Structure formats: structure tokens, C-alpha cells
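# Structural description and commentary
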Amino acid sequence: MTQGGAGSTGHTAEEDKGGLRTALAGLTTRGRSFLAAGVAAAICAYVLGQSDLLRVGLLLAVLPLVCATVLYRTRYRVAGSRRLSPGRVPAGSEARVHLRMDNVSRLPTGLLMLQDRVPYVLGPRPRFVLDRVEAGGRREVSYRVRSDLRGRYPLGPLQLRLTDPFGMCELTRSFSTYDTLTVIPRVEALPPVRLTGEVKGYGDGRQRSLALAGEDDIIPRGYRYGDDLRRVHWRLTARYGELMVRREEQPQRSRCTVLLDTRGIAFQGAGPDSAFEWAVSGTASTLVHMLERGFSVRLLTDTGSSVPGEGADGFAGASQESADAAGMMMDTLAVIDHSDGTGLSRAYDVLRGGNEGLLIAFLGDLDEEQATVLGKMRQRSGGAVAFLLDSETWVREPADAPGALDSSEDRLRMLREAGWTAVTVPRGAGLADLWREADRQRTQVASTGTSAGGDGS
């Protein structure tokens, strides 16, 4: 028997070994009952001297043994494949798993019982009964899986249980391959608002920039059919004796870094409704939203790790690989967990190299030292927005984290004085509403002019 994963050609299944002992171990309750009844009848016939009863006993005892032997020696060639639709699904959404069994042998199969192994968080283990599959025939079945917890979950290996027509024996054959379902955080649609920290002028996340320092430093090129005559540079045309045009303006994408605080000491509680899971979901929503707005984005954690980490300074830019980079960031968030760190200094070391554009942070409990580090981060960004999860509203009892500020107002005040647009996140709040609140704060600060570092989202 063979099994192929999604998009693969197939692999040889594990063969059960052990000869007759393996076959006898596969006897069903009916088969064992027949065998026991046959042995008992044979003993009684020997004691009582009844030859007819002996023949009946031998028939009852031999029938399950013959079925087990024939079933064990029958070599069906069955190919199986599994296809996930989709292979990456948000938490709380369903994915469908399609199974296909092909009988590639010249003999029809008997009754097949198909079972796929799935983690308990995805639901009950699916089981299917397939009728006799003719030679060269195919059977397709499907089932649904769903998880409220993000993560990567293996599906498989696939198991087939073979049975004889009399139901005397069952043998199990297991395939060796499996597939992986990735459950990513929930993504919430965010309203489009004007962002400070983005480059002005050309689209939401783009700017126009000439690759020249002045009129005399223009790098020209020859005229091409279809070029706008208004871009002809007459001075250089006279110098070179042919039509020369100014270099086309090159679009550049604004940058956005999304910082996720994963410190274990910064969050209280666990489970899909915990503050940390809200922060992970908010990070995923922000990354998707900023990519849709045309930004070059990256994911940064308190440990200093950056995703995608390759390409143009570690950002996912305007290339064909941007979709792959977005998938990489979603896969990272699917399995991200609490870190053992106590501060945000490693993240600051990544940002201190220069102006990194817009900075959006999802933070847990802060002490005064970490609030100071965040103030330094603000100096390295064109705009900064912080969402602070108030742990006192996310757990029943107030958090007793050592060194924590007296109240969420103190944390907000320190960040706002450093130039952040800071919004506290109460339990059960929607990111879209907080997104608009941050924009209102930015607009208010910009209109009053009370803070030069005010930002929006």
C-alpha cells in the first residue's frame, strides 16, 4: 500500500510483520468466538465419541484461521493521498481534508475501514467505511477540522483496516507520511486611516524619489518610443546630440516594523481569550493591513528576532516574494510563545541602526526601565503607536508583576511624553476601534501641536 501527501507521488506503507501470529492477533470478537466454539466442540466430540460433532467443531475452528491466513497473504496495492483546503487557516475557522484511495492492483479489495490520525484539538478522529473497491477504482471522502488554538498540527499517518467477508479478522496497515495544518492567529480587518511616519506623496505607502541630487546631476537615458516629450532634457540633448530624457521616478515603499512583546512576565493568563493571544492576533492583523496599504513590513519580537529577516534590510518589500514573506510571518505567529526575556533592549538594538519608518508595538506590562527603552525606540522611528494590554482587566485579580507601574495611566503618560501614540487595551476590546482611537489621538495632538512626536495609525 502506498500513500502520497499533497502534491507527492507516494511512499511505501509500513508492512506488518509476524506471520501467522500477526494474523491471529487480528481476529475479531466473532472470529475468536468461532475459534473457541470449534475447539470446545472438538473436545466434547472426542470425549463423547461423536464424529458429527467433531466435524462441526473443526469447521468452526478452521473458518476463522482460513480467513486470517487468506487476509494476511492477500497483498492489496492501495494508493492514498491527502489534500488540505486550505493548508493555512485562521484560528476558529474550518479546513477540509480530502482523502482519496486508489486500488492500483488487479484484484478488488474487500471492505476497507479508513482512519486518519488527527490531534484532539482539531476534533474527533475521522473514520470511514469503504465498500469493495474494484480493480483500478477510486474512492474519495473528506472531513472537516477546526481549532481555536493557533499552532502547527500533524495530520496522519493514514490507517487502513482490512476485513474478510465474514468479519472474522481485521488487519491494520499504516502509511508513513503525514501533512501539516497551520492554524494562524485571527486577523481582523482594520479601517484605512492616515499614518504618520509613512512617506508622503505617492500612494499610501510609497514616495517619489529621484536618483539625483540636482538638475545638473540628473542621470539621463536615451529617448524611447512612447516617452513623454515633457520629460525631454533639452540641455543634455544639445550636449549629446540626441534626445535625452530624465530618469523615471522610482517608487519607494514606506517601512513599518511591528513589535510584539512576548515576555512571559509581561502577560497574565493563558488560553484563546488571554491577553497574549489578543496581542498575537493584533500583530497579525496589523501586518496584513500594512501590507495591503503598500508598506514594506517586518515582524520584530523582544528577543531581537526579525521576520522575514532577509531581503532589503529585513523587510518584506514590493517583490514577488512578498506573499511568501507574509506567509512566513503568519507561520511564525502561529507557533510563537512566551520568551524568557525580561526586557526590550534586544529589540532596541535592532532599531537603533537608523530611522525605521513607522513602529507599531503590542506590549504587556511595563516597568519604568522598559518604558525608558521604548522612549529611545521612538527616537529611531518616524512614527510610533503602542497598544498596551492592561493585565489588571484581563485577569480577575490585579497583576503583581515586580517593578510594574502603579497604573496603566502612568505607563500611557510616560510613553506619550516620549512621543508615542499610546492606547490601553481593555479586556474584550476590538482592534478596529482601538485603531480609530489611535488615529483620533494623533489628529488631536497634531491640531493642538502639544507634542511633536504624536503619531497615528
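Residues numbered from 1 in each chain as written. Predicted model: local features only at pLDDT ≥ 70, side-chain atom pairs only at ≥ 80, totals over all residues. Heavy atoms only, no water.

Let us look at the overall build of the protein chain. Secondary structure assignment for the protein chain yields 11 helices and 22 strands. By the burial criterion, 46% of the 457 residues in the protein chain qualify as buried. When contacts within the protein chain are restricted to residue pairs at least 6 apart in sequence, those whose partners lie at least 24 apart make up 72%. For the protein chain, the computed accessible surface area is about 23,500 Å², with 50% contributed by carbon and sulfur atoms. (Helix = DSSP H or I, 4+ residues; strand = E, 2+ residues; numbered from the N terminus. Buried < 20%, exposed > 50% of the residue type's maximum accessible area, 1.4 Å probe, protein only. Contact = heavy atoms within 4.5 Å. Areas by Shrake-Rupley, 256 points an atom, 1.4 Å probe, with all protein chains shown as cover.)

Our next topic: the sheet that holds strand β22 (residues 421–425). If you walk across this open sheet you meet the 6 strands as β19-β18-β17-β20-β21-β22, and the pairing is mixed. A strand with exactly one partner marks an edge of an open sheet, and here the two such strands are β19 (306–307) and β22. Bridge count for strand β21 (residues 383–389) against β22 is 5 bridges, and the pairing is parallel. Following the sheet pairing, L388 is matched in β22 by T424. (Pairing = 2+ DSSP bridges.)

Before going further, it helps to examine the pairing of strand β5 (residues 94–103). In the sheet, strand β3 (residues 78–85) pairs with β5 via 8 bridges, with the strands oriented antiparallel. When the sheet's bridge partners are listed, R83 is paired in β5 with H98. Sheet analysis places β5 next to strand β8 (residues 138–146), joined by 9 bridges and oriented antiparallel. Following the sheet pairing, M101 is matched in β8 by R139.

The next subject is a nonpolar patch on the surface. On the surface, V39, I43, Y46, V47, L48, L53 and V56 cluster together into a nonpolar patch covering about 730 Å² of accessible area. Elements that contribute at least two residues to the nonpolar patch include exactly α2 (29–48) and α3 (51–73). Broken down by element, the residue count for the nonpolar patch peaks at 5 residues, all from α2. Among the secondary structure elements, V39 is positioned in helix α2. (Patch = residues over 30% accessible without salt bridge, like charges linked within 9 Å, V, L, I, M, F, W, Y side chains within 5 Å. Salt bridge = Lys/Arg side-chain N within 4 Å of Asp/Glu carboxyl O.)

This paragraph deals with the pattern of salt bridges. Applying the stated criterion across every chain yields a total of 19 salt bridges. The partner of D349 in a salt bridge is R352, with the nearest N and O atoms 3.4 Å apart. By relative accessible area, which is 43% here, D349 ends up partly exposed. D439 is paired through a salt bridge with R442; the nearest N and O atoms lie 3.1 Å apart. Highlighted residues: D439 and R442, both in helix α11 (residues 431–448), separated by 3 residues, approximately one helical turn. Accessibility assignment for this pair places D439 and R442 in one class, buried. Salt bridges sharing partners connect three or more residues here, namely R82, D116 and D179.

A sheet is described by the order of its strands in space; here 3 strands give the open sequence β4-β12-β9, paired in mixed fashion. Of all the strands in the sheet, just β4 (88–90) and β9 (151–155) have a single pairing partner and so form its edges. Averaged over all pairs of adjacent strands, the angle between strand axes in this sheet comes to 30 degrees, irrespective of strand direction. In the sheet, β9 pairs with strand β12 (residues 179–184) via 5 bridges, with the strands oriented antiparallel. Paired with L155 across the two strands is D179, which belongs to β12. (Axes fitted to C-alpha atoms, helices over the stretch in contact; angles between N-to-C directions.)

Right, let's talk about the confidence of the model for the protein chain for a bit. Here the protein chain shows a mean pLDDT of 80. Residues at 70 or above account for 79%. Of all the helices and strands in the protein chain, strand β2 (residues 11–12) carries the lowest mean pLDDT, 36, while β12 carries the highest, 96. Overall, residues 1–17 carries pLDDT values under 50, and its contacts beyond four positions in sequence, including any with other chains, amount to 49 contacts. For residues 450–457, every residue scores under 50 in pLDDT, and the model assigns this stretch 38 contacts once sequence neighbours within four places are set aside. (pLDDT = per-residue confidence, 0-100.)

What follows covers the environment of F315. Inspection of the secondary structure puts F315 in the loop between β19 and α6 (322–335). Judged by its relative accessible area of 4%, F315 is buried. As a C-alpha pair, F315 and L299 span 16 residues in sequence and 8.5 Å in three-dimensional space.

Taking 1.5 Å per residue as the helical rise, helix α8 (residues 368–379) with its 12 residues ought to reach 16 Å, and the 17 Å between its terminal C-alpha atoms agrees with that figure. Listing the buried residues of α8 in full gives Q370, A371, V373, L374, G375, M377 and R378. Those residues of α8 that are buried lie in contact with β17 (255–260), α7 (345–351), β20 (358–363), β21 and α10 (408–417). For α8, the capping residue at the N-terminal end is D367, with a side-chain oxygen 3.3 Å from the backbone nitrogen of E369. (Expected span 1.5 Å × (residues − 1). Polar contact = N/O pair within 3.5 Å; in protein donor to acceptor, adjacent residues only side chain to side chain.)

Let us look at the packing of aromatic side chains. Evaluation of the coordinates by the stated rule reveals 5 aromatic pairs. Ring geometry for F267 versus F276: centroids 5.3 Å apart, planes at 70 degrees, classification edge-to-face. F276 carries the same exposure label as F267, and that label is buried. Relative to F387, the ring of F362 lies with its centre 5.1 Å away and its plane at 15 degrees, an arrangement referred to as stacked. Remark: F387 occurs in strand β21 and F362 occurs in strand β20; sequence separation between them is 25 residues. The burial state of F362 is the same as that of F387; both residues are buried. (Phe/Tyr/Trp six-rings, centres within 6.5 Å; stacked < 30°, edge-to-face > 60°.)

Here we take up the layout of surface pockets. Volume-wise, the largest pocket comes out at about 330 Å³. Around the largest pocket, the lining comprises 18 residues; the ones closest to its centre are R186, P272, E277, W278 and S281. Looking at the lining of the largest pocket, the element that brings in the most residues is helix α5 (residues 275–292), giving 5 residues. Of the residues in the lining of the largest pocket, the class split is 7 nonpolar, 5 polar and 6 charged. (1 Å grid on protein atoms, 1.4 Å probe; cavity = no way out; pocket = protein on both sides within 12 Å on 5 of 7 lines; lining within 4 Å. Points joined across faces, edges and corners; volume = space filled by probe spheres on them. Nonpolar A, V, L, I, M, F, W, Y, C, P; charged D, E, K, R; others polar.)

In this structure, W234 sits in helix α4 (residues 234–240). W234 sits in the exposed class, given a relative accessible area of 59%. Taking the C-alpha atoms as reference, W234 lies 9.9 Å from R246; in sequence the two are 12 residues apart.

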